[in-house]
Amino acid sequence: MLVPFIRTLILYIVIIAAVRLMGKRQVGEMQPGELVVTILVSAVASVPVQDIDIPLSHGVIPILTLMSAEVIISAFSQRHIRFRRLLSGNPVQVISNGMLLEKEIEKLRLSLDDIMAALRLKGIFDIRDVEMAHIETNGQLSIMLKGEKHPATLKDLGIKPPQSGPFYTVISDGHIIASNLKTISKDSQWLEKVIRANGVNDPSQVYFMCADIFGSIVFCKKEGAN
Amino acid sequence: MKFKVIVACAIIICIPLAGAFLQFKIGQYCDTVLEYSLEGNEESFSQARDFWLSHQNILTSLITHEEVDNVTLALERACAAEGEELEESQREIAGLLEIVRNFDHPDIRSIF
């Protein structure tokens, strides 16, 4: 019991480090090579956990090797477009001017149901609204709508938008994030003033607060806070 | 990104180098144990067993524990063997050491 426990912890740390070094956090963004590495790493890691007769190095070495190979290959493919195309393929257009491109869809071995589902998930319920659509190398569908179907922007309507900037979290579960406070050009005095104005005496009583550079805030105090 | 590439290259270079070095050390251990066991007496088998046990950490980090334990058991049996059994023990130990020696050796058979 102790040995599998210790091995699992070690492999967990190794895998976390390996995935961080690879630099991807979401499966949906992975290229085919990266997805293969992720699947292999999880398969390889389970072997020495389940069988304590197998040396731990038989799990750690393959993980390190896969991770290193992936980093080197991705760095190389970044600089060499032909190699990148060889590894990841090319985006394929599947819709043109509202019409499905049958031959391209067949080459990809996709069904019409797959395409229609992907469109609906993008909020497109009428294929005639689509100018062009591509299946990207990571398997996702990207869409360009026809000009007249683009949602109106404030600029189109001649409306001047209110001033706003990106929001940064300044307090998270009672802890002040000083670097974000600096980013929005605010100081601790301003923060104190805002906290008191929202009926709280201390930052530790604030569950969540974010703000932008213009002083707009979202404030949420902890339950039971005074 | 550059740092990650350097780390990745370092790992890719270090793993085979470390593997080759450890393979060499394991070969040395097997040779030492074989030399002791070829002497063919209880004392030499005992020395071989002690030597083998004292290097378990490196051995079990590369070789499956079953293979390492097989050699340990064979050495223990050899320590208690007499007469013709000694020769049998020597052959058994030599065979098991050969398996351990070639365990991590990259060749067509081991890779495929």
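Everything that follows concerns the structure shown earlier in this document.
### Things to note about the overall build of chain A
Right, on to step 1. Helix and strand counts for chain A come out as nine helices and eight strands.
Right, on to step 2. When the 226 residues of chain A are sorted by exposure, 15% land in the buried category.
Right, on to step 3. Taking contacts inside chain A between residues at least 6 apart in sequence as the whole, the part at least 24 apart equals 51%.

### Quick look at the interface of chain A and chain B
Right, on to step 1. Taken together, the 14 residues of chain A in the interface contact 15 residues of chain B.
Right, on to step 2. Among the elements that make up the side of chain A that touches chain B, the one with the highest residue count is helix α3 (residues 57-79) of chain A (nine residues).

### Description of the sheet that holds strand β6 (residues 175-176) of chain A
Residue and element names in this part refer to chain A.
Right, on to step 1. As summarised here, the arrangement of the four strands in space is β6-β5-β7-β8, forming an open sheet in which the pairing is antiparallel. The open sheet has two edge strands with one neighbour each: β6 and β8 (217-221).
Right, on to step 2. Note that strand β5 (residues 168-172) and β6 share two bridges and pair antiparallel. Looking at the pairing, Ile 171 lines up with Ile 176 of β6.

### Here's the deal with the sheet that holds strand β1 (residues 92-96) of chain A
Within a sheet, neighbouring strands are paired by backbone hydrogen bonds and run either parallel or antiparallel to one another.
Right, on to step 1. The strand order across the open sheet formed by four strands is β2-β1-β3-β4 (chain A), and the pairing between neighbours is antiparallel. For this open sheet the edge positions go to β2 (99-100) and β4 (141-145) of chain A, each flanked by a neighbour on one side alone.

### Overview of unusual backbone geometry
Residues and elements named next belong to chain A.
Right, on to step 1. Phi angles above zero are rare outside glycine, and Arg 109 is one such case at about 60°.
Right, on to step 2. Within the element layout of this structure, Arg 109 appears in the loop between α5 (102-107) and α6 (112-121).
Right, on to step 3. Look at Arg 109 and you get exposed, because 7 C-beta atoms sit within 10 Å.
Right, on to step 4. The phi dihedral of Asp 173 falls on the positive side, at around 50°, and the residue is not glycine.

Rules used in this analysis
Residues numbered from 1 in each chain as written. Chains lettered and ligands numbered in written order. Predicted model: local features only at pLDDT ≥ 70, side-chain atom pairs only at ≥ 80, totals over all residues. Helix = DSSP H or I, 4+ residues; strand = E, 2+ residues; numbered from the N terminus. Buried ≥ 20, exposed ≤ 12 C-beta atoms within 10 Å, placed from the backbone. Contact = placed C-beta atoms within 7 Å. Pairing = 2+ DSSP bridges.

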